[in-house]
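# An overview of the molecular structure
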There are 2 protein chains.
Amino acid sequence: MSAAPSPAPPRETRQREVISRLLQSAEGPLGVPELHARALNELPRLGVATVYRTLKLLQEQGAAHIVTLDGENLYEASGRGHHHHFSCRQCGRVYTLNTCPVALPAGTVYPGGFVVEAHEVTLYGLCPACAPR
Amino acid sequence: MSAAPSPAPPRETRQREVISRLLQSAEGPLGVPELHARALNELPRLGVATVYRTLKLLQEQGAAHIVTLDGENLYEASGRGHHHHFSCRQCGRVYTLNTCPVALPAGTVYPGGFVVEAHEVTLYGLCPACAPR
DNA sequence: TTTCGTGCAAAAGTTTTGCAAGCCC
DNA sequence: GGGCTTGCAAAACTTTTGCACGAAA
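Being a predicted model, the structure only gives us computed values, none of them experimental. (Residues numbered from 1 in each chain as written. Chains lettered and ligands numbered in written order. Predicted model: local features only at pLDDT ≥ 70, side-chain atom pairs only at ≥ 80, totals over all residues. Heavy atoms only, no water.)

## Comments concerning the environment of valine 32 of chain B
Residue and element names in this part refer to chain B. In plain terms, the rule: The numbering of helices and of strands both runs from the N terminus, where a helix is a DSSP run of H or I of at least 4 residues and a strand a run of E of at least 2. By the convention used here, residues are in contact when the closest approach between their heavy atoms is within 4.5 Å.
Along the chain, the position of valine 32 falls in helix 2 (residues 32–40). Along the sequence, valine 32 and leucine 55 sit 23 residues apart, while their C-alpha atoms lie 9.1 Å from each other. Ignoring any residue separated from it by four or fewer positions in sequence, one finds valine 32 in contact with Val48, Val51, Tyr52, Leu55, Asn73 and Tyr75.

Right under this line is the structure:
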């Protein structure tokens, strides 16, 4: 028998660099079509498949994660601190909220014996631009 | 000229009755394939399209709503009180929580001018069955 | 050079839509 | 009877996969 095959580290390619950078500099979570469209400006021949493959890779590395809103899968770079999302029912835009409405430190035991490790909150309503002033 | 066309009320059909009832009596949120499968027992010729159309109708009526977990769209009957979900990272089961960790009455204005109408919370961690005692 | 990654195209999965026939009112 | 609904099938999307060529190490 042989030692466990040590997995070669992922290669650094232009595609991965661009996708990763776009994700990091985005204002909020992005859907695949949107991300792909933005990347096409720099990589005219980029295929959607590569976007999906790269996103999967980034998720495995913990560098990105998925957020699902209204049945649509959006992707977001990790490491920008604890935050939540606000979805506007009027304009459909998704905002990032930096305040957190719940007090549930990891390790909290919720009634019934549920050990909470993480939580996700999404608020729905009207964003500042759509709310009647 | 004529008066504003008063929208005819939706008809009561066997399909709608069955789908609605199955959703109400379900233990938790159901996916379309699962819901369709259960309905086939009573309506052998029911098509998936009707399930989707009925779910859309129920949502418009506020009688059902969508819950997305792990990228899968699940549907749940409304009117069973305010609740949230707990997803166990070990066994993958989704539980319904009847306590709510946030205090955000509809109409609350969140910092930044976001008018909150509703909120959704999902907790992740270990359920009572999977947590080391 | 060797292997991994990419582009392209086809496949698989999900949700929507068009249309003729059927059912509700 | 008239119009909304349904079933079926095709279309539109979304995400994954296979493969030969191109690029990183």
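## A word on empty space enclosed by the protein
Residues and elements named next belong to chain B. Convention followed: Definitions used for this entry: grid spacing 1 Å over protein atoms alone; cavity, a set of points where a 1.4 Å probe fits but cannot get out; pocket, an open set with protein on both sides within 12 Å along at least 5 of 7 lines; lining residue, one with an atom within 4 Å of a point. Grid points are joined across faces, edges and corners, and a volume is the space filled by probe spheres set on the points. The classification used treats Ala, Val, Leu, Ile, Met, Phe, Trp, Tyr, Cys and Pro as nonpolar, Asp, Glu, Lys and Arg as charged, and all other residues, Gly among them, as polar.
Under the counting rule described, the total for this entry stands at one cavity of 30 Å³ or more. Of the voids in this model, the largest cavity is the one considered here, and its volume is about 30 Å³. Together, Ser20, Leu23, Gln24, Leu58, Ala63, Ala64 and Ala77 line the largest cavity. It is helix 1 (residues 14–25) that provides the largest number of residues to the lining of the largest cavity, a total of three residues. When grouped by side-chain class, the residues that make up the lining of the largest cavity number five nonpolar, two polar and no charged.

## Description of the UniProt feature "binding site: Zn(2+)" (unreviewed entry) in chain A
All names here are of chain A. Keep this limit in mind: UniProt positions are given in the numbering used here, feature names are shortened, and annotations may be inferred rather than shown by experiment. Partly exposed describes any residue whose relative accessible area lies between the buried limit of under 20% and the exposed limit of over 50%, with all areas from a 1.4 Å probe on protein chains only and scaled to the type maximum.
UniProt records the feature "binding site: Zn(2+)" (unreviewed entry) at Cys88, Cys91, Cys127 and Cys130, using the numbering of this structure. Judged by maximum C-alpha separation, these annotated positions cover 43 residues in sequence but sit close together in space, the widest gap being only 8.2 Å. As for the lining of the largest pocket, the annotated residues named previously contribute Cys88. If you trace the backbone, cysteine 88 turns up in strand 4 (residues 84–88). Its place among the elements puts cysteine 91 in the loop between strand 4 and strand 5 (94–97). Overall, the relative accessible area of 34% leaves cysteine 91 in the partly exposed class.

## Some details on the interface of chain A and chain B
Let me state the cut-off plainly: Accessible area, probed at 1.4 Å, shrinks when two parts are joined; the buried area is that loss added up over both. Any Lys or Arg side-chain nitrogen located within 4 Å of an Asp or Glu carboxyl oxygen qualifies as a salt bridge. Think of a polar contact as two N or O atoms within 3.5 Å of one another; within protein, one of them needs to be a possible hydrogen donor and the other a possible acceptor, and neighboring residues in sequence only count if both atoms come from side chains.
At the interface, 32 residues of chain A touch 32 residues of chain B. Of the roughly 2600 Å² buried between chain A and chain B, counting both surfaces, carbon and sulfur atoms make up 62%. Where chain A packs against chain B, one counts one salt bridge. Of the charged contacts, one joins glutamate 117 of chain B and arginine 89 of chain A as a salt bridge, the two residues approaching to 2.3 Å between their closest N and O atoms. The tally of links between chain A and chain B comes to 13 residue pairs in polar contact (both at pLDDT 80 or more). Looking at the side of chain A that touches chain B, the elements with two or more residues in it are strand 5 and strand 7 (114–126) of chain A.

## Quick notes on the protein's contact with DNA strand D
Applicable threshold: Near, as used in this document, describes a residue that has one of its heavy atoms within 4 Å of the molecule or strand being considered.
Near DNA strand D there are 18 residues, and of these Tyr52 of chain A together with Arg11, Gln15, Arg45 and Thr50 of chain B occur at the shortest range. Of what DNA strand D places within 4 Å of the protein, 66% of the atoms are sugar or phosphate. Here arginine 11 of chain A contributes a side-chain N or O atom positioned 3.3 Å from a base nitrogen of DNA strand D. In this structure, threonine 50 of chain B approaches DNA strand D through a side-chain N or O atom, which is 2.7 Å from a phosphate oxygen. Only helix 3 (48–60) of chain A together with helix 1 and helix 3 (48–60) of chain B provide two or more residues apiece to the surface near DNA strand D. Among the elements that make up the surface near DNA strand D, the one with the highest residue count is helix 3 of chain A (four residues). Here the residues of the surface near DNA strand D are counted per class, giving five nonpolar, five polar and eight charged.

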